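Fold and contact review
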Amino acid sequence: MSTAVEQSDSQADDCTEDQAVLAGYVAQFPNPSALKKAASQVRDAGFKEFDCYVPFPVHGIDEAMGIKMTRLPYIVLACAAMGATTAIALQFFTNAFDYKYIISGKPFFSLPANIPITFELAVLFSAFGALLGMLALNNLPKFYNRLFLIDPFLKATSNGFFIAIEAKDPKFHETDTKEFLNSLQPSEVIACLEPNQNVKIPKALLPLAVCIMILGLVPLVIVARMRVTPSTTPRIELVHDMDYQPKLKTQRFSKMFADGRGMRPLIAGTVARGDLRHDTAFYEGLLPDQADEVDRSFLLPNAKKPDGTSVSLETLPWVTQIPLPVDEKLMARGQERYNIYCSLCHGLSGKGDGIITQRAMQLQAANPGVGTWLLPIALYSEPVRKQKVGQLFNTITHGVRKMPSYAAQIPVEDRWAIVLYLRALQESGSGNINDVPAEIREQLNAEPKP
Ligand code: HEC
């Protein structure tokens, strides 16, 4: 044992300089079990500022050293809660407070719709919390460890097992602690001496560092300035080939063709396969003999004539007859499709009191100034009754003013079926008791079945 101490003293001399300060003691142990036993004794002696250094994980060392479970999970949980709260607050602020917008009568704020972003931010914040919390709890990054001044300590990465007690521990004593470590039967105890470095930073260094930092900003300022300054000189192309590839792009210039366009215009009269819609009555609701004169852009919602005036749709040459055999089957189909696609806004009776309309009007009433919803006109009202079937068909195909197009959802034949059902709704919506066949008038007065 005494040899070990002498050895350690000579070792200590190695890293000693003038007025070196004692920074702690390092004890080396021959194997993991000896280290573990010693660690528990150091713990029982009440030392707090000590650590074990081993080349591989040693089972049970945490308990031997008295290390408690990490607080990292709590940090991660707190960060996740913070992320979720931030996400909810952000979505609430933007959607339900700062920029309210009525979309199909949907509530401004609803938790289920906001879950994806809430989840993402919770995960993001907790990932940051886990990484930064781990670094903070481990006191990392650490640029310097005085234990590296001791040569034998380098064995901690191959076959050395060490316990280091630091001088800053309140229980540390220059001689007592050394004796205590020796009593744990180590192979050696080394005093870790730190050179008393009273190194002063040269005075010129600070202004120099400031100058370098300012100079480092200059390129950024130049780039920022360039981005907002118009210039006649072409910009510097670092990778020319990538910027100008020998290929044609849509909507771009090309030297290949005389007219300079990269995109070829359609040859007049070209029809894509399966797109020949020569039957204008069926596909557009326009009279075949006058359809050629109609500017098709007039069919779109809010269309304007070249002179800037609105197009009056009523004047277009609409068909007056449904271009399909009208029978009970078509009527039933129309009712079914109407109830699916139109009733949610226009109501089952066509009055304009569908569920979406009702909720949107409620939202609008409760939030003055958020007026973004328009009450649809009753489908049995006079202006709609007067419209020809072709125009009703066009309303479904292209939409009208605020109403969107339903061409993508509803095939042509079904659109005609709905138009037929609209006519039925208009009859029932504006009829009187004389329109009801005499034999079933009685039933109308009967008590409605519950
Ligand atoms: C998202 C709600 C909504 C749906 C669904 C909807 N509409 Fe409309 N519709 C409107 C609104 C709003 C107007 C009033 C537009 C305006 O005046 O700006 C309107 C107007 C109309 C008009 C009157 C057009 C005119 O010239 O005044 C007709 C006819 C009509 N819709 C038919 C239909 C049919 C048929 C369907 C089903 C295929 C349908 N709508 C589905 C909202 C809807």
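Residues numbered from 1 in each chain as written. Predicted model: local features only at pLDDT ≥ 70, side-chain atom pairs only at ≥ 80, totals over all residues. Heavy atoms only, no water.

This paragraph deals with the overall build of the protein chain. Of the regular secondary structure elements, the protein chain holds 16 helices and four strands. A principal-axis box enclosing the C-alpha atoms of the protein chain has dimensions of 125 × 75 × 45 Å. Of all 450 residues assigned to the protein chain, the portion counted as buried reaches 31%. Of the contacts formed within the protein chain by residues at least 6 apart in sequence, a portion of 70% connects residues at least 24 apart. A total accessible area of about 31100 Å² is found for the protein chain, and carbon and sulfur atoms account for 60% of it. Distance between charge centres in the protein chain, computed from 44 positive and 46 negative side chains, equals 7 Å. (Helix = DSSP H or I, 4+ residues; strand = E, 2+ residues; numbered from the N terminus. Buried < 20%, exposed > 50% of the residue type's maximum accessible area, 1.4 Å probe, protein only. Contact = heavy atoms within 4.5 Å. Areas by Shrake-Rupley, 256 points an atom, 1.4 Å probe, with all protein chains shown as cover. Lys, Arg positive; Asp, Glu negative; His and termini not counted. Charge placed at Lys NZ, Arg CZ, Asp CG, Glu CD.)

With that out of the way, let us pick up the environment of I117. Residue placement: I117 occurs in helix 5 (residues 111-137). Residue I117 is classed as partly exposed on the basis of its relative accessible area of 44%. Along the backbone, I117 and G83 are 34 residues apart, and their C-alpha atoms lie at a distance of 9.7 Å. In contact with I117, other than residues within four places in its own chain, are A87 and Q91.

Contact geometry for helix 14 (residues 389-398) and helix 15 (residues 412-430): axes closest at 9 Å, N-to-C directions at 125°. Looking at the two axes, helix 14 sits oblique to helix 15. Crossing of helix 14 over helix 15 shows right-handed handedness. Residues V389, G390, L392, F393, I396 and T397 of helix 14 pack against V412, R415, W416, I418, V419, L422 and R423 of helix 15. (Axes fitted to C-alpha atoms, helices over the stretch in contact; angles between N-to-C directions. Parallel < 35°, antiparallel > 145°, perpendicular 65-115°, else oblique. Left-handed = near helix turned anticlockwise from the far one by under 90°.)

Turning to helix 2 (residues 32-44), a few remarks are in order. It helps to recall that an α-helix has 3.6 residues per turn; residues three or four apart then point in one direction. The terminal C-alpha atoms of helix 2, which comprises 13 residues, lie 18 Å apart, in line with the 18 Å expected from a rise of 1.5 Å per residue. Of all the positions in helix 2, only L35, A38, A39, S40 and V42 are classed as buried. Considering only its buried residues, helix 2 is in contact with strand 1 (21-29), strand 2 (50-53), helix 3 (61-65), strand 3 (161-166) and helix 6 (176-182). A positive phi of about 95° marks G46, the residue just after helix 2. (Expected span 1.5 Å × (residues − 1).)

Let us now look at the site of the ligand. Near the ligand, the surroundings consist of 21 residues, among which C342, C345, H346, Q387 and M403 are the closest. For the ligand, a nitrogen atom lies 2.7 Å from a polar atom in the side chain of H346. Measuring from an oxygen atom of the ligand, one finds a side-chain N or O atom of Q387 at 2.9 Å. For the shell around the ligand, the secondary structure elements donating two or more residues are helix 11 (343-346), helix 14 and helix 15. Per element, the largest residue contribution to the shell around the ligand is three residues, and it comes from helix 14. Considered class by class, the residues forming the shell around the ligand number 16 nonpolar, three polar and two charged. (Near = heavy atom within 4 Å. Polar contact = N/O pair within 3.5 Å; in protein donor to acceptor, adjacent residues only side chain to side chain. Nonpolar A, V, L, I, M, F, W, Y, C, P; charged D, E, K, R; others polar.)

With that settled, consider the coordination of the iron atom of the ligand. For the iron atom of the ligand, every protein donor is listed as H346 (NE2) and M403 (SD), and the spread of their distances is 1.9 to 2.1 Å. Classification of the site at the iron atom of the ligand rests on its six donor atoms, whose angles at the metal span 87 to 177°, yielding the label octahedral. With H346 in helix 11 and M403 in the loop between helix 14 and helix 15, this residue pair connects regions lying 57 residues apart in the sequence. With relative accessibility at 24%, the residue M403 sits in the partly exposed group. (Donors = N, O, S within 2.8 Å, 3.2 Å for Na, K, Ca; no water. Tetrahedral: all angles 85-135°; square planar, octahedral: opposite > 155°, others 65-115°.)

The next point concerns the packing of aromatic side chains. The geometry of an aromatic ring pair is captured by two quantities: the separation of the ring centres and the angle between the planes. The final tally for this structure, using the stated rule, is 12 aromatic pairs. With centroids separated by 5.1 Å and ring planes inclined at 80°, the aromatic side chains of Y53 and F153 adopt a geometry described as edge-to-face. One end of the pair, Y53, is in strand 2; the other, F153, is in the loop between helix 5 and strand 3, and 100 residues separate them in sequence. For F153, a relative accessible area of 4% gives the class buried. An angle of 55° between the planes, with centres 5.5 Å apart, marks the rings of Y338 and Y421 as tilted. (Phe/Tyr/Trp six-rings, centres within 6.5 Å; stacked < 30°, edge-to-face > 60°.)

Let us look at a nonpolar patch on the surface. Residues L124, F128, L131, L132, M134 and L140 make up a contiguous nonpolar surface patch of about 550 Å² in total accessible area. Along the chain, L131 turns up in helix 5. Exposure remark for L131: the relative accessible area of 46% places this residue in the partly exposed category. (Patch = residues over 30% accessible without salt bridge, like charges linked within 9 Å, V, L, I, M, F, W, Y side chains within 5 Å. Salt bridge = Lys/Arg side-chain N within 4 Å of Asp/Glu carboxyl O.)

Another point: the domain arrangement of the protein chain. Domain boundaries in the protein chain define domain 1 (2-69 + 140-194), domain 2 (72-132) and domain 3 (284-431). Measuring from the centre of the C-alpha atoms in domain 1 to the corresponding centre in domain 3 gives 87 Å. (Domains from an automatic or database assignment.)

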